Amino acid sequence: KKPTYTQVAHATEVIKTLPDTFIPLSKETKKKSFISPHRVNAMKYLLKRGITEIDILRYNIGYSDEGEYSGRVIIPSYDFRGNLNFFSSRSFYDSVKMKYKNPSWSKDIIGFELLINWNEPISLTEGVFDALAIKRNVIPLFGKTMSFSLKEAIIRNGVDRVNIILDADAQNDAMNIQNFLISHEVDAHFIKLTDEDPSLMGFNRINNLIETSNASDFKSMLEMKLK
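An account of the accompanying structure is given in this report.

What counts, and where the lines are drawn
- Within each chain, residues carry numbers counting from 1 in the order of the written sequence.
- Residues qualify for local features only when their pLDDT is at least 70, as the model is predicted, and side-chain atom pairs are given and counted only at 80 or more; totals for whole chains, interfaces and linings, by contrast, use all residues.
- Side-chain numbers here rest on the full set of heavy atoms in the structure, without hydrogens or water.
- Strands are runs of DSSP state E lasting at least two residues, helices are runs of H or I lasting at least four, and both sets are numbered from the N terminus onward.
- Any two residues having at least one pair of non-hydrogen atoms within 4.5 Å are treated as being in contact.
- Surface accessibility follows the Shrake-Rupley procedure with a 1.4 Å probe radius. Residue values consider only the protein chains on display as shielding.
- Two strands form a pair only when DSSP identifies at least two bridges running between them.
- Here the term buried applies to any residue with accessible area under 20% of the maximum for its type, exposed to any over 50%, and partly exposed to those in between, with areas from a 1.4 Å probe on protein chains only.
- When a carboxyl oxygen of Asp or Glu is within 4 Å of a side-chain nitrogen of Lys or Arg, the pair counts as a salt bridge.
- Every axis corresponds to a line fitted to the C-alpha atoms, with the helix fit spanning only the stretch in contact, and the corresponding angles, defined between N-to-C directions, vary from 0 to 180 degrees.

1. Here's the deal with the overall build of the chain
Next up, step 1: A tally of helices and strands in the chain yields 8 helices and 11 strands.
Next up, step 2: Within the chain, counting contacts between residues at least 6 apart in sequence, those at least 24 apart form 61% of the total.
Next up, step 3: Accessible area of the chain: about 12,500 Å², with a carbon and sulfur share of 52%.

Put into structure tokens, the structure is as follows:
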């Protein structure tokens, strides 16, 4: 049986590839997969979540017709050289219990690094769908904490402002990120969310919150802790 993705170790380097069954949604083909139910349902799912055809092309979003990623949309992440550094997959069928399925690769990466302009404000989110909702210069953490590589890049590139947009249940993690940013003289904007994730709020609502937010300081952080 062929593996769905390969990891070939060369010293400390790991070569990463997308699943063998990955099919780009932006690519038109005369193959049967072009009109497959999975393809149709993948497009319906993405459009329902506010992801446009331009987003699909920009992020090289695809899906799989077979194998362990069958019935899932697959969102790749590329480093600044254009090499794959991670991918996330999400089932578009409600009956599937395991919604997300990601490779067991190191998360010491910078999500969507290829598309990042370090001279502009950066937004941080937990997952890829939150990032896709924001669209502008956004980095998915693939979790709730900043990787060493991301911290290093923010300092090295002299980033002026970072918007922290974590889910409501990750306030402590957001405060840890704030601590790091403020201690390195980066304007940290904590975007307070309620019960809705950015991916559910949509582009206009979440970006309005970002634009009207204020920079955090140690006083506001202390107030957050007391709350």
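From this point, the discussion proceeds with the structure in view.
2. Description of the sheet that holds strand β7 (residues 100-101)
Next up, step 1: In spatial order, the strands read β3-β4-β5-β6-β7; together these 5 strands make up an open sheet with antiparallel pairing. The sheet terminates laterally at β3 (22-24) and β7, the two strands that pair on one side only.
Next up, step 2: The pairing of β3 with strand β4 (residues 62-64) spans 3 bridges and is antiparallel. Within the sheet, the bridge partner assigned to I23 lies in β4 and is Y63.

3. Let's talk about the pairing of strand β5 (residues 72-78)
Next up, step 1: With respect to burial, β5 is a largely interior element, 7 of its 7 residues being buried.
Next up, step 2: Going residue by residue along β5, you find R72, I74, P76 and Y78 tucked away on one face and V73, I75 and S77 tucked away on the opposite face as well.
Next up, step 3: Here 7 bridges tie β5 to strand β6 (residues 84-91), and the two strands are oriented antiparallel to one another. Among the inter-strand pairings, I74 is bridged to a residue of β6, identified as S89.
Next up, step 4: Hairpin geometry of β5 and β6 is characterised by an intervening segment of 5 residues between the two adjacent antiparallel strands and by a positive phi of about 90° at G82.

4. Topic: the pattern of salt bridges
Next up, step 1: Tallied over the full model, the rule gives 5 salt bridges.
Next up, step 2: A salt bridge links K135 to D55, with the shortest nitrogen-to-oxygen separation between them at 2.4 Å. A residue pair is termed long-range when its members are at least 10 positions apart, and K135 in the loop between α3 (128-134) and β9 (138-140) and D55 in helix α2 (residues 53-58) qualify at 80 residues.
Next up, step 3: Of the residues examined, K135 reaches a relative accessible area of 19% and is grouped as buried.

5. Some remarks on the sheet that holds β9
Paired through backbone hydrogen bonds, the strands of a sheet run either parallel or antiparallel to each other.
Next up, step 1: Read from one edge to the other, the open sheet built from 4 strands follows the order β9-β8-β10-β11, with strand pairing classed as parallel. The strands lining the two open edges of the sheet, one partner per strand, are β9 and β11 (187-190). Each adjacent strand pair in this sheet contributes to an overall mean axis angle of 25°, direction not counted.

6. Focus: unusual backbone geometry
Next up, step 1: The phi dihedral of K135 falls on the positive side, at around 75°, and the residue is not glycine.
Next up, step 2: Residues other than glycine seldom take positive phi values, yet N137 does so here, at roughly 45°.
Next up, step 3: On the secondary structure map, N137 appears in the loop between α3 and β9.
Next up, step 4: Residue classification places N137 among the buried residues on the basis of a relative accessible area of 13%.

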